Amino acid sequence: AQKVTQAQTEISVVEKEDVTLDCVYETRDTTYYLFWYKQPPSGELVFLIRRNSFDEQNEISGRYSWNFQKSTSSFNFTITASQVVDSAVYFCALRVYGQNFVFGPGTRLSVLP
Amino acid sequence: DSGVTQTPKHLITATGQRVTLRCSPRSGDLSVYWYQQSLDQGLQFLIQYYNGEERAKGNILERFSAQQFPDLHSELNLSSLELGDSALYFCASSVGSGGDQETQYFGPGTRLLVL
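Being a predicted model, the structure only gives us computed values, none of them experimental. (Residues numbered from 1 in each chain as written. Chains lettered and ligands numbered in written order. Predicted model: local features only at pLDDT ≥ 70, side-chain atom pairs only at ≥ 80, totals over all residues. Heavy atoms only, no water.)

Caption draft 1: Expanded view of the state of the cysteines. Taken as a whole, this structure holds two disulfides over all chains when the rule is applied. Two residues, A:Cys23 and A:Cys92, share a disulfide whose sulfurs are 2.0 Å apart. Here A:Cys23 and A:Cys92 share a disulfide; its torsion about the S-S bond, -65°, makes the bridge left-handed. In this pair, A:Cys23 sits in the loop between β3 (19-21) and β4 (24-26) while A:Cys92 sits in strand β10 (residues 88-96), placing the two residues 69 residues apart along the sequence. The same class applies to A:Cys23 as to A:Cys92, namely buried. For B:Cys23, the disulfide goes to B:Cys91, at an S-S distance of 1.7 Å. Note on the B:Cys23 and B:Cys91 pair: the S-S dihedral is about -45°, so by sign convention the disulfide is left-handed. Within this pair, whereas B:Cys23 is found in strand β3 (residues 19-24), its partner B:Cys91 is found in strand β9 (residues 87-94), the two being separated by 68 residues in sequence. (Disulfide = S-S within 2.5 Å. Helix = DSSP H or I, 4+ residues; strand = E, 2+ residues; numbered from the N terminus. Buried < 20%, exposed > 50% of the residue type's maximum accessible area, 1.4 Å probe, protein only.)

Caption draft 2: The arrangement of the pattern of salt bridges in detail. Tallied over the full model, the rule gives six salt bridges over all chains. Between B:Asp29 and B:Arg26 there is a salt bridge, and its shortest N-O distance comes to 2.8 Å. For B:Asp29, a relative accessible area of 2% puts it in the buried group. For B:Arg26, a relative accessible area of 24% gives the class partly exposed. Here the residues in one salt-bridge network are A:Arg51, A:Asp55 and A:Glu59, joined through shared partners. (Salt bridge = Lys/Arg side-chain N within 4 Å of Asp/Glu carboxyl O.)

Caption draft 3: Looking closely at unusual backbone geometry. Here the residue pair B:Thr7 and B:Pro8 is connected by a cis peptide bond, since its omega of -10° sits within 30 degrees of zero. Checked against the element boundaries, B:Pro8 lands in the loop between β1 (5-7) and β2 (10-13). Even without being glycine, A:Ser73 reaches a positive phi, approximately 50°. Within the secondary structure, A:Ser73 is located in the loop between β8 (64-69) and β9 (74-79). One non-glycine residue, B:Asn51, lies in positive phi territory at about 50°. In this structure, B:Asn51 sits in the loop between β5 (42-50) and β6 (53-57). Assessed through its relative accessible area of 46%, B:Asn51 is described here as partly exposed.

Caption draft 4: Local environment of the interface of chain B and chain A. With 22 residues of chain B at the contact, the number on the chain A side is 17 residues. The contact between chain B and chain A buries some 1,600 Å² in all, and 56% of this surface belongs to carbon and sulfur atoms. Between chain B and chain A we count zero salt bridges in total. At the boundary of chain B and chain A, one finds three residue pairs in polar contact (both at pLDDT 80 or more). Listing elements by their share of the side of chain B that touches chain A, those giving two or more residues are β4 (31-38), β5, β6, β9 and β10 (105-106) of chain B. Here the side of chain B that touches chain A is composed, by residue class, of ten nonpolar, nine polar and three charged. (Contact = heavy atoms within 4.5 Å. Buried area = accessible area lost by both parts, 1.4 Å probe. Polar contact = N/O pair within 3.5 Å; in protein donor to acceptor, adjacent residues only side chain to side chain. Nonpolar A, V, L, I, M, F, W, Y, C, P; charged D, E, K, R; others polar.)

Caption draft 5: Broad picture of the nonpolar core. If you look at the biggest cluster of nonpolar residues, it comprises 24 residues, and the most contacted ones within it are A:Trp36, A:Phe77, A:Tyr90 and A:Leu109. For this core, the secondary-structure elements that each account for two or more residues are β2 (10-14), β3, β5 (32-39), β8, β9, β10 and β12 (107-112) of chain A. Broken down by element, this core gets its largest block of residues, five residues, from β10(A). If sequence neighbours within four positions are ignored, A:Tyr90 has contacts with A:Gln6, A:Leu21, A:Trp36, A:Tyr37, A:Lys38, A:Leu48, A:Tyr64, A:Phe77, A:Ile79, A:Gly106, A:Thr107 and A:Leu109. Residues B:Val4, B:Val32, B:Trp34 and B:Ile47 belong to the second largest nonpolar core, which totals 20 residues. (Core = buried A, V, L, I, M, F, W, Y, C linked by side-chain atoms within 4.5 Å.)

Caption draft 6: Structural detail: the sheet that holds strand β8 (residues 74-78) of chain B. Residues and elements named next belong to chain B. Here we have four strands laid out as an open sheet, ordered β1-β3-β8-β7, and antiparallel in their pairing. Where the open sheet ends on each side, the last strands, each with one partner, are β1 and β7 (64-68). Pairwise comparison of adjacent strand axes, ignoring direction, gives a mean angle of 15° for this sheet. Sheet topology note: the β1/β3 ladder contains three bridges and is antiparallel. Across the sheet, residue Thr5 finds its bridge partner in β3, namely Ser24. (Pairing = 2+ DSSP bridges. Axes fitted to C-alpha atoms, helices over the stretch in contact; angles between N-to-C directions.)

This is the structure:
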């Protein structure tokens with residue numbers, strides 16, 4: 001069975017600090033996809049990134065970066081120079097062939113001014 | 001804005017009642033997914049429709065049902081409502097039948113409160 005763990009329930013940082021959100025997944029499949037979504041206070045779920053299991057190259061998009069390590073089954077998300085607008089709940093999700101999305105429990109990030 | 005629309009945004013009803021939630025997918029998307037987000041259960045997949053046909057089923061109660069119409073919009077029907085059904089209900093859409101590589105784009109959600 002598939003499982004996603006986000007051990008950090010809540011994180012608080014001060015603006016401009018860097019913060020890393022952890023995601024650990026479990027699957028026996030060799031082909032799978034990992035996702036990150038952001039849920040701001042307004043409630044909608046915003047897609048951030050998709051990564052397939054064969055591509056371990058790290059990705060950077062502005063202040064966001066993702067570190068995918070198959071050896072540790074982790075897909076961590078770092079926000080550099082955090083801003084108040086980054087305050088949200090962040091979900092990591094896993095999908096394998098023929099199965100439904102499995103979401104982690106989410107990490108609530110509060111960025112204080 | 002993901003392009004997925006959901007109505008209504010908020011819904012307040014009483015136990016035992018029936019409600020219908022509506023979702024319109026992004027233009028060109030053929031799959032619609034329904035999710036329930038509650039405080040104790042997190043994000044739970046309910047059901048997926050692809051081009052009018054049921055494609056996958058998750059943790060959907062028998063009191064709940066859904067359908068996808070020829071114009072690809074979808075409705076989620078919740079009946080005999082209980083207090084525990086209070087949650088945020090999301091609709092998502094994707095372009096194809098839901099292969100593992102497909103990204104799902106989520107609507108703004110319908111917040112249901114059962115009193």
